[in-house]
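# Descriptive analysis of the structure
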Amino acid sequence: LIPFHLPDTRADRQLRIDFGGVWNLSSSFPADITGEHTLKMTHAVDLRLFQHVSTRAAPEYDVILPPPKEEGAWDGELGVWFETDWGGERRIVVKGTKRGKYSFNSTDIHEGDELLQIDGEYVSEMSFEETMRLLKERLNALRIVTMGGAATSAHRPRINLNLRKKKKVRM
């Protein structure tokens, strides 16, 4: 006589309820235990609709420089090429990112994204040259302070770039 043990399948006998639509999936409950079960059902939340959440799924997102030390290596260079779309809207769009730089490795910046603001100043009210001059001035000032080590973490200057992700064209 050889002892034989069936595999433990308790985890396989769990059920979850999915109402679909705007509801989250319920927590698991055992299928082989009779009785009543009370399950809390919650509405699903679309994070793209929250203003305080910056994600690639949101229509707009922020890039803050310099990044926290644990977020990625920043050598003082943004590594983004901008161009104007030459249309009547005077938009400034990302032409590309430089491989190996912070923007390429550690941000959500992609080709075609539109630059909206630099530290709260709308770039649509500036010419392309004015926008690039402002960005370069802010980056140079930030580079001097952060690379020189003069600023403490509490008084560390920052640059906030606000961008809109590229609109997908459907054909």
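So, a few notes on the structure that sits alongside this text. Keep in mind it's a predicted model, so treat the numbers as computed, not measured.

Procedures and definitions
Here the residue index of a chain counts from 1 through its sequence in written order. Reporting in this predicted model follows two pLDDT cut-offs: at least 70 for local features of residues, and 80 or more for side-chain atom pairs to be given and counted; totals over whole chains, interfaces and linings ignore these cut-offs and use all residues. Only hydrogens and water are removed before side-chain values are computed, so all heavy atoms of the structure are retained for them. For this analysis, a salt bridge means a side-chain nitrogen from Lys or Arg found within 4 Å of a carboxyl oxygen belonging to Asp or Glu. Here a strand is any run of E in DSSP of at least two residues, a helix any run of H or I of at least four, and the numbering for each starts at the N terminus. Throughout this description, buried means an accessible area under 20% of the type-specific maximum (1.4 Å probe, protein chains only), exposed means over 50%, and partly exposed covers the range between. By convention a nonpolar core is built from buried Ala, Val, Leu, Ile, Met, Phe, Trp, Tyr and Cys residues, the set being connected through side-chain atoms within 4.5 Å. For this analysis, residues touch if any pair of their heavy atoms sits within 4.5 Å. Only protein atoms enter the calculation, which uses a 1 Å grid: trapped sets of points that fit a 1.4 Å probe without letting it out are cavities, open sets showing protein on both sides within 12 Å along at least five of seven lines are pockets, and any residue with an atom within 4 Å of a point is a lining residue. Grid points are joined across faces, edges and corners, and a volume is the space filled by probe spheres set on the points. Residue polarity is assigned by list, with Asp, Glu, Lys and Arg as charged and Ala, Val, Leu, Ile, Met, Phe, Trp, Tyr, Cys and Pro as nonpolar; anything else, Gly included, falls into the polar class.

### A short note on the pattern of salt bridges
Tallied over the entire structure, the rule returns eight salt bridges. Across the pair D75 and K101 runs a salt bridge whose closest N-O atoms are separated by 2.4 Å. Note that D75 is positioned in the loop between β3 (60-65) and β4 (80-84) and K101 in the loop between β5 (92-97) and α1 (102-106), a separation of 26 residues in sequence. Across the salt bridge formed by R138 and E121, the nearest N and O atoms sit 2.9 Å from each other. Of this pair, R138 sits in helix α2 (residues 128-148) while E121 sits in strand β7 (residues 121-122), placing them 17 residues apart in sequence. Judged by its relative accessible area of 34%, E121 is partly exposed. Overlapping salt bridges, with partners in common, bring together E60, R91, E114 and R164 in one network.

### Structural notes on the nonpolar core
One finds L65, L78, F82, L115, I118, L161 and L163 to be the most contacted residues of the largest nonpolar core, which totals 23 residues. With residues near it in sequence (within four places) discarded, I118 still touches V123, T131, L134, L135, R138, I159, N160 and L161.

### Let's talk about the layout of surface pockets
Estimated volume of the largest pocket: approximately 240 Å³. Contributing to the lining of the largest pocket are E77, L78, G79, V80, W81, F82, K98, M132, L135, K136, L139 and R143. Taken together, the elements giving at least two residues each to the lining of the largest pocket come down to β4 and α2. The element contributing the most residues to the lining of the largest pocket is α2, with five residues. Of the residues belonging to the lining of the largest pocket, the class tally is seven nonpolar, one polar and four charged.

Purely geometric stuff here, so don't read any function into it on its own.
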